[in-house]
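Observations on the three-dimensional arrangement
Spelled out, the chains give:
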Amino acid sequence: MGYLWVGYVLTWVAMVWFAWRLEARARQVGRRLRETERDRADERRRPEGDHGRT
Amino acid sequence: MDLPRAPGTVTDPSPLPRLRAPHLVLAFLAVVTAVVGSVIGLWVVPPDAMQGDVQRLMYLHVPAAWLAFLAFFVVFVMSVLYLIQRDPRWDLLAASSAEVGVLFTALTLVLGSLWGKPIWGVWWTWDPRLTTTAILLVIYVGYLAVRSFAADPERAARWSAVVGIVGFADVPIVYLSVTWWRSLHQPPSSPQSMASSMLWTLMLNLVAFTLVYAYLLLRRYQVAVAEQELDARRAED
């Protein structure tokens, strides 16, 4: 019975781990895309002639 | 297959939220069928008369092997399409399917080993089926390595497409190895050689694994598309 349980637990832990990693990566890349989108919007709102100077 | 359009355009500023619903539906269905399939496989269907309870590992081992074959078939088809059309979407789909296929192949080998120890008395033997499956794993780990080593994305896509096409030749060899050579591994079972309760349990778990594969493939592809878009934006800035 030990082999059976190890097999079932290992299978579903491996799949959940793979999916979890994927979701974390999706959140990270989604956040970075939104950041670049926001930076571009800020850039467009800047007055003419102001190229990032503070 | 309805492929997501290139992200970052005016009509599609962020691909991840737009496709949230399909992958959540797939994930929900996969979890439900996996739970039901595992409960039936572990407690409802009777144990094998000869092998006892450890035979229940077949409800995972066989679907994992079939889904690995399907994943590598998708790699093969997408690689051919990429070499013909040079559309990066086919390359991203092939790479996504290869990653999931490697997971299923590794699970096939580990589950087979866990079954082999109590039934054959060994964790591993250089049997034709086992050896060709191990080679399959090495081929597609190599496929992923080719992609990560090549600096130019276009070259990485081209080289890996060639590996994806040539490497698929091992899939029929794995399948037919038990009939071509003298093998310790049992030949493929047929519906006539199995009890109907065992067959239906196997089919249910096959559906569960197929849904898991579809979810992982879709999600990995979405991430790959979004990462490519992020790289493009950084290159522009």
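It should be emphasised that the depicted structure is a prediction, and the values quoted were computed from it without experimental measurement. (Residues numbered from 1 in each chain as written. Chains lettered and ligands numbered in written order. Predicted model: local features only at pLDDT ≥ 70, side-chain atom pairs only at ≥ 80, totals over all residues.)

**Regarding the overall build of chain B**
Across its full length, chain B carries eight helices and zero strands. If you line up chain B on its principal axes, its C-alpha atoms span 65 × 35 × 25 Å. Look at the contacts in chain B between residues 6 or more apart in sequence, and 78% of them connect residues 24 or more apart. (Helix = DSSP H or I, 4+ residues; strand = E, 2+ residues; numbered from the N terminus. Contact = placed C-beta atoms within 7 Å.)

**Concerning the overall build of chain A**
Broken down by element type, chain A carries one helix and zero strands. Looking at chain A residue by residue over its 54 residues, the buried ones come to 13%. (Buried ≥ 20, exposed ≤ 12 C-beta atoms within 10 Å, placed from the backbone.)

**Side note on the interface of chain B and chain A**
Taken together, the 29 residues of chain B in the interface contact 22 residues of chain A. Going through the elements one at a time, α2 (20-44), α4 (88-120) and α8 (196-236) of chain B are the ones with two or more residues in the side of chain B that touches chain A. By residue number, the principal contributor to the side of chain B that touches chain A is α8 of chain B, which donates 11 residues. Looking at side-chain class alone, the side of chain B that touches chain A contains 18 nonpolar, three polar and eight charged residues. (Nonpolar A, V, L, I, M, F, W, Y, C, P; charged D, E, K, R; others polar.)

**Examining the packing of α4 of chain B against α8 of chain B**
Residues and elements named next belong to chain B. Packing of α4 against α8 brings their axes to within 9 Å, and their N-to-C directions diverge by 135°. Viewed along their axes, α4 and α8 adopt a mutual orientation that is oblique. Here α4 and α8 pass one another in a crossing that is right-handed. For the pair α4 and α8, contact is made by L92, L93, A95, S96, S97, E99 and V100 and by Y213, L216, L217, R220, Y221, A224 and V225, respectively. Taken together, the residues of the contact of α4 with α8 sort by class into 10 nonpolar, two polar and two charged. (Axes fitted to C-alpha atoms, helices over the stretch in contact; angles between N-to-C directions. Parallel < 35°, antiparallel > 145°, perpendicular 65-115°, else oblique. Left-handed = near helix turned anticlockwise from the far one by under 90°.)

**Things to note about unusual backbone geometry**
The phi angle at R86 of chain B is positive, at roughly 55°, despite the residue not being glycine. Classification of R86 of chain B as partly exposed rests on a count of 13 C-beta atoms within 10 Å.

**Some thoughts on the nonpolar core**
Ranked by internal contacts, the top residues of the largest apolar core, which has 63 residues, are A64, A71, V75, A94 and V212 of chain B. Contributing elements (two or more residues each) for this core: α1 (2-45) of chain A together with α2, α3 (58-85), α4, α5 (128-149), α6 (153-167), α7 (170-180) and α8 of chain B. Per-element tally for this core: the top contributor is α8 of chain B, with 16 residues. Apart from residues no more than four positions distant in its own chain, V75 of chain B is found in contact with A94, S97, A98, G101, G164 and F168 of chain B. (Core = buried A, V, L, I, M, F, W, Y, C linked by C-beta atoms within 7 Å.)

**Points about the packing of α1 of chain A against α8 of chain B**
Running from N to C, α1 of chain A and α8 of chain B point in directions that differ by 30°, and their axes come no closer than 9 Å. In this view, α1 of chain A runs roughly parallel relative to α8 of chain B, as classed from their interaxial angle. Once α1 of chain A is placed against α8 of chain B, the crossing between them reads as left-handed. Residues M15, F18, A19, L22, R25, A26, V29, G30, R32, L33 and T36 of chain A of α1 of chain A pack against V212, L216, R219, R220, Q222, V223, A226, E227, E229, L230 and R233 of chain B of α8 of chain B. Considered class by class, the residues forming the contact of α1 of chain A with α8 of chain B number 12 nonpolar, three polar and seven charged.

**Some points on α5 of chain B**
Residues and elements named next belong to chain B. In this model α5 runs 31 Å from its N-terminal to its C-terminal C-alpha over 22 residues, within 8% of the 32 Å that 1.5 Å per residue would give. Among the residues of α5, R129, L130, T132, T133, L136, I139, Y140 and Y143 are the ones counted as buried. Next to the buried residues of α5 lie α3, α4, α6 and α7. (Expected span 1.5 Å × (residues − 1).)

**Quick word on the confidence of the model for chain B**
Low-pLDDT portions of the prediction should not be read for the details of their coordinates. All names here are of chain B. Of the residues in chain B, 92% reach a pLDDT of 70 or more, and the chain-wide mean stands at 90. Note on residues 5-15: pLDDT is under 50 here. Beyond four places in sequence and across chains, it has 19 contacts. Here the prediction assigns the complex a pTM of 0.88, and the interface score ipTM is 0.86. (pLDDT = per-residue confidence, 0-100.)

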